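Descriptive analysis of the structure
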Number of protein chains: 2
Amino acid sequence: MRIGQLAQIAGIDTQTIRFYEKQGLLPLPDRQQNGYRIYNEKHGERLAFIRHCRILDLSLTEIRELQRYQDDPHQPCTAVNAMLDEHISHVQSQITALQTLEKHLVSLRACCNDDREIEACGVLAGISEGNMYSQ
Amino acid sequence: MRIGQLAQIAGIDTQTIRFYEKQGLLPLPDRQQNGYRIYNEKHGERLAFIRHCRILDLSLTEIRELQRYQDDPHQPCTAVNAMLDEHISHVQSQITALQTLEKHLVSLRACCNDDREIEACGVLAGISEGNMYSQ
DNA sequence: TTAAAACTATATAGTCACTATAAGGTCAAT
DNA sequence: ATTGACCTTATAGTGACTATATAGTTTTAA
């Protein structure tokens, strides 16, 4: 199949497929005489794998690493699990940071109502003074 | 004061100060005869404001907007509060998305232990099959 | 006094994972 | 013959910096 069909099946843009190819995430496809790329089901599976990884917010570098593991099927999978553990930690710190941020924003928002002039705006004053950490 | 001193006081890089200037977030400073930028306390305050906004994860565009409001001190501050409300919503959706992601990652991780071969790795299998949504 | 270190200036490229645009070649149908 | 849908490559843009290159200036030490 050609790139358009693969893109439709995978639900992504043709540009993105070429981009993944350039990034070394997709094996180089054969070409027709006119230069068009020709894909098979293996490419579709690879692409699905990449997309699943991206949904899990794994980086392209991490995906490349996972693919290297897959090419060496008799190694122990310790490193894969470790990568996932680390990624989970990463996501958890992001959540914690955002929750802290949310608290700050909410308490900052509580410093003002809508009926003031800019000059007297509690939010702007709070930002200026940098007291957005008042628990 | 020169850019290095301002950077030290503000706790940011000189490059970032020049970058903010180019982005229209800092007023153009006077120059010495040799071309060096000369800053005053107003610049320091502006820079602090920007940094506080960035800590709150407001975008440079939002910061520019807030600065425009500050230049019009007798307007009502409704728009400022609205911006903050929307930003809080934005942060909350990020948190929700990450929490969902975390659940998927944790359940995926539960599909494997460390003592398998890559071939039998539950994590890799889970990603390939795309079943990372099995709550 | 001179040389090195520390500072300043501009311009440009890199980060990440795409996305958009430009300029052109190929193919099937009308 | 031409339209339209597809394909090709190359290049630039996104956001908020960060890094590098190259050069000029000032300060400090020998």
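The following refers to the structure shown. Remember, predicted model here, so these are calculated numbers, not experimental data.

In this section: the relation of the copies chain A and chain B. The two copies are related by a screw operation: chain A maps onto chain B through 180° of rotation and 0.0 Å of translation along the axis, at an RMSD of 0.2 Å. The operation mapping one copy onto its partner corresponds to a two-fold rotation axis. If distances are taken from each C-alpha of chain A to the rotation axis, the shortest is found for I95 of chain A, at 2.9 Å. Interface overlap between copies is the fraction of interface residues in one copy that are interface residues in the other; for chain A against chain B it reaches 100%, indicating a shared surface.

This next bit is on the packing of aromatic side chains. Counting across every chain of the model gives two aromatic pairs over all chains. Considering the side-chain rings of F19 of chain A and Y20 of chain A, the 5.9 Å spacing of their centres and the 45° angle between planes classify their relative orientation as tilted.

Take the interface of chain A and chain B next. If you look at the interface, chain A gives 51 residues, while chain B gives 51 residues. Here chain A packs against chain B, burying approximately 4600 Å² in sum over the two surfaces, 72% of which is carbon and sulfur. When the buried surface of chain A facing chain B is broken down by residue, L56, L105 and I118 of chain A rank first, second and third, together holding 14% of it. On inspection of chain A and its partner chain B, the count reaches two salt bridges. The salt bridge involving R109 of chain A is made with D85 of chain B; its shortest N-O contact spans 2.7 Å. Along the contact surface separating chain A from chain B lie 20 residue pairs in polar contact (both at pLDDT 80 or more). Those elements that place two or more of their residues in the side of chain A that touches chain B are α3 (41–55), α4 (60–70), α5 (78–109) and α6 (122–129) of chain A. When residues of the side of chain A that touches chain B are assigned to their parent elements, the largest contribution, 20 residues, is made by α5 of chain A. Of the residues contributing to the side of chain A that touches chain B, the split by class is 27 nonpolar, 14 polar and ten charged.

Around DNA strand D sit 18 residues, and of these G4 and R18 of chain A together with Y20, N34 and R54 of chain B come closest. When the atoms of DNA strand D within 4 Å of the protein are sorted by group, sugar and phosphate make up 74%. Between DNA strand D and Y20 of chain B there is a distance of 2.8 Å, counted from a phosphate oxygen to a side-chain nitrogen or oxygen. Residue R54 of chain B places a side-chain N or O atom 2.7 Å away from a phosphate oxygen belonging to DNA strand D. When contributions to the surface near DNA strand D are tallied by element, the ones reaching two or more residues are α1 (3–10) of chain A together with α2 (14–22) and α3 (41–55) of chain B. For the surface near DNA strand D, the element with the highest residue contribution is α2 of chain B, accounting for four residues.

This part covers the pattern of salt bridges. Tallied over the full model, the rule gives eight salt bridges over all chains. Residue D114 of chain A pairs with R109 of chain A through a salt bridge whose shortest N-O separation is 3.4 Å. Here E21 of chain B and R37 of chain B are joined by a salt bridge, their closest N and O atoms 2.8 Å apart. Taken together, the positions of E21 of chain B in helix α2 and R37 of chain B in strand β2 (residues 37–38) put the pair 16 residues apart, joining distant regions of the chain. Here E21 of chain B and R37 of chain B have matching classes, each one buried.

Conventions and cut-offs
Residues numbered from 1 in each chain as written. Chains lettered and ligands numbered in written order. Predicted model: local features only at pLDDT ≥ 70, side-chain atom pairs only at ≥ 80, totals over all residues. Heavy atoms only, no water. Least-squares fit on C-alpha atoms with pLDDT ≥ 70 in both. Contact = heavy atoms within 4.5 Å. Phe/Tyr/Trp six-rings, centres within 6.5 Å; stacked < 30°, edge-to-face > 60°. Buried area = accessible area lost by both parts, 1.4 Å probe. Salt bridge = Lys/Arg side-chain N within 4 Å of Asp/Glu carboxyl O. Polar contact = N/O pair within 3.5 Å; in protein donor to acceptor, adjacent residues only side chain to side chain. Helix = DSSP H or I, 4+ residues; strand = E, 2+ residues; numbered from the N terminus. Nonpolar A, V, L, I, M, F, W, Y, C, P; charged D, E, K, R; others polar. Near = heavy atom within 4 Å. Buried < 20%, exposed > 50% of the residue type's maximum accessible area, 1.4 Å probe, protein only.

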